[in-house]
Amino acid sequence: MEARREKEKIKSRSVAKAISALRSFFRFIIESGLRLDNPAALMEPPTQKTTIPSHLERSEVEELLAKIDVSSQYGLRDRAIFELIYSSGLRISEASALDLQDIFFNESVIRVCGKGSKERFVPFGSVAESALKAYLSSARNLLLGNKKKQCSFCFKNRQKNRTKGDLEEL
């Protein structure tokens, strides 16, 4: 099987997924009473290489940030989100879920509710702080309109809802 996989250039991850599907299928067949044994239970998945995620070079990040037009309220919002994500390593879902009370400027940290509803405190840098303050002091109020007092979300979209990865196209 290994020789065929190499000959046909099938990745080990694809083989592992196929074996997992077969195991699940035969478990279903056994639970349905159509078969008593699981022939796929003896199949060993191939070892998989662990890969390091790719990342942007510093110059690429700077080029990306420079393309954001900070003359508009949406540009200020987008710049604040990108600076915060870059500075603190947040996921976009974590940044978009931030509430105002999650930001602690005196300590330069934010409270984040991440995967599995695990709460943690994450530091952010001075550039992100400046971008956040610029956004919060002017653009956020314009984006909120009449909903200023009743809204705790940090980042708002055009419909005055919490952002969900709907940043303006650069």
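In the block above lies the structure referred to throughout.
These remarks concern the structure in this document. (Residues numbered from 1 in each chain as written. Predicted model: local features only at pLDDT ≥ 70, side-chain atom pairs only at ≥ 80, totals over all residues. Heavy atoms only, no water.)

### Brief notes about the pairing of strand β3 (residues 119–123)
For clarity, the threshold we go by: Strand pairing is assigned whenever DSSP detects at least two bridges linking the two strands. A run of DSSP states H or I qualifies as a helix once it reaches four residues; a run of E qualifies as a strand once it reaches two. Both are numbered from the N-terminal end.
Sheet topology note: the strand β2 (residues 109–113)/β3 ladder contains five bridges and is antiparallel. For V112, the partnering residue across the bridge sits in β3 and is R120. Adjacent in sequence and paired antiparallel, β2 and β3 are bridged by five residues, among which G116 carries a positive phi angle near 70 degrees.

### What to know about the sheet that holds β2
Taking strand neighbours across the sheet as the criterion, the three strands line up as β1-β2-β3 in an open arrangement whose pairing is antiparallel. For this open sheet the edge positions go to β1 (103–104) and β3, each flanked by a neighbour on one side alone.

### Description of the packing of helix α3 (residues 58–66) against helix α4 (residues 73–88)
Selection rule: In this analysis an axis means a line fitted to C-alpha atoms, helices contributing only their contacting stretch, and an angle means the value between N-to-C directions, from 0 to 180 degrees. Here the angle decides the label: under 35 degrees means roughly parallel, over 145 means roughly antiparallel, 65 to 115 means roughly perpendicular, and every other value means oblique. Here a crossing is taken to be left-handed if its near helix is turned anticlockwise relative to the far helix by less than a right angle, and right-handed if that turn runs clockwise. Residue contacts are counted whenever heavy atoms from the two residues lie within 4.5 Å of one another.
Axis separation between α3 and α4 bottoms out at 11 Å; the angle between their running directions is 160 degrees. As judged from the angle between their axes, α3 and α4 are roughly antiparallel. Pair α3 / α4 crosses with left-handed handedness. Every residue of α4 that contacts α3 at R58, V61, L64 and L65 is listed here: R79, F82, E83 and Y86.

### With respect to the nonpolar core
Worth spelling out the cut-off: As used in this record, nonpolar core signifies buried Ala, Val, Leu, Ile, Met, Phe, Trp, Tyr and Cys residues forming a set joined through side-chain atoms within 4.5 Å. Burial here depends on accessible area, computed with a 1.4 Å probe over protein chains only, as a share of the maximum for the residue type. Under 20% is buried, over 50% is exposed, and the range in between is partly exposed.
Residues L84, I110, Y135, C154 and F155 are the most contacted members of the largest nonpolar core, which totals 22 residues. Broken down by secondary-structure element, the contributors of at least two residues to this core are α4, β2 and α6 (126–144). The element best represented in this core is α6, accounting for seven residues. Setting aside its immediate chain neighbours within four residues, L84 contacts G89, L90, L98, I110, F124, A128, L132 and F155.

### Quick look at the packing of aromatic side chains
Note the cut-off: Here a Phe, Tyr or Trp ring, Trp counted by its six-membered ring, pairs with any other such ring whose centre lies within 6.5 Å, and the pair is stacked when the planes are under 30 degrees apart, edge-to-face when over 60, and tilted otherwise.
This model, assessed by the stated rule, comprises four aromatic pairs. A centroid spacing of 6.0 Å and a plane angle of 50 degrees characterise the contact between F104 and F121, whose relative ring orientation is tilted. One end of the pair, F104, is in strand β1; the other, F121, is in strand β3, with 17 residues separating them in the sequence. Classification of F104 by relative accessible area gives partly exposed; the value is 25%. Look at F121 and you get partly exposed, because its relative accessible area is 49%.

### Overview of α6
Operational definition: Helix span, as expected, comes to 1.5 Å for every residue beyond the first. In this analysis the local bend is the angle between axes fitted, respectively, to the seven residues ending at and the seven residues starting at the residue.
Between its terminal C-alpha atoms α6 stretches 25 Å, which fits the 27 Å expected from 19 residues at 1.5 Å a residue. At L136, α6 shows its largest bend, some 45 degrees. Of the residues making up α6, those classed as buried are A128, E129, A131, L132, Y135, L136, A139, R140, L143 and L144. Contacts made by the buried residues of α6 are with α4 and β1. Two residues or fewer after α6 comes G145, characterised by a positive phi angle close to 65 degrees.

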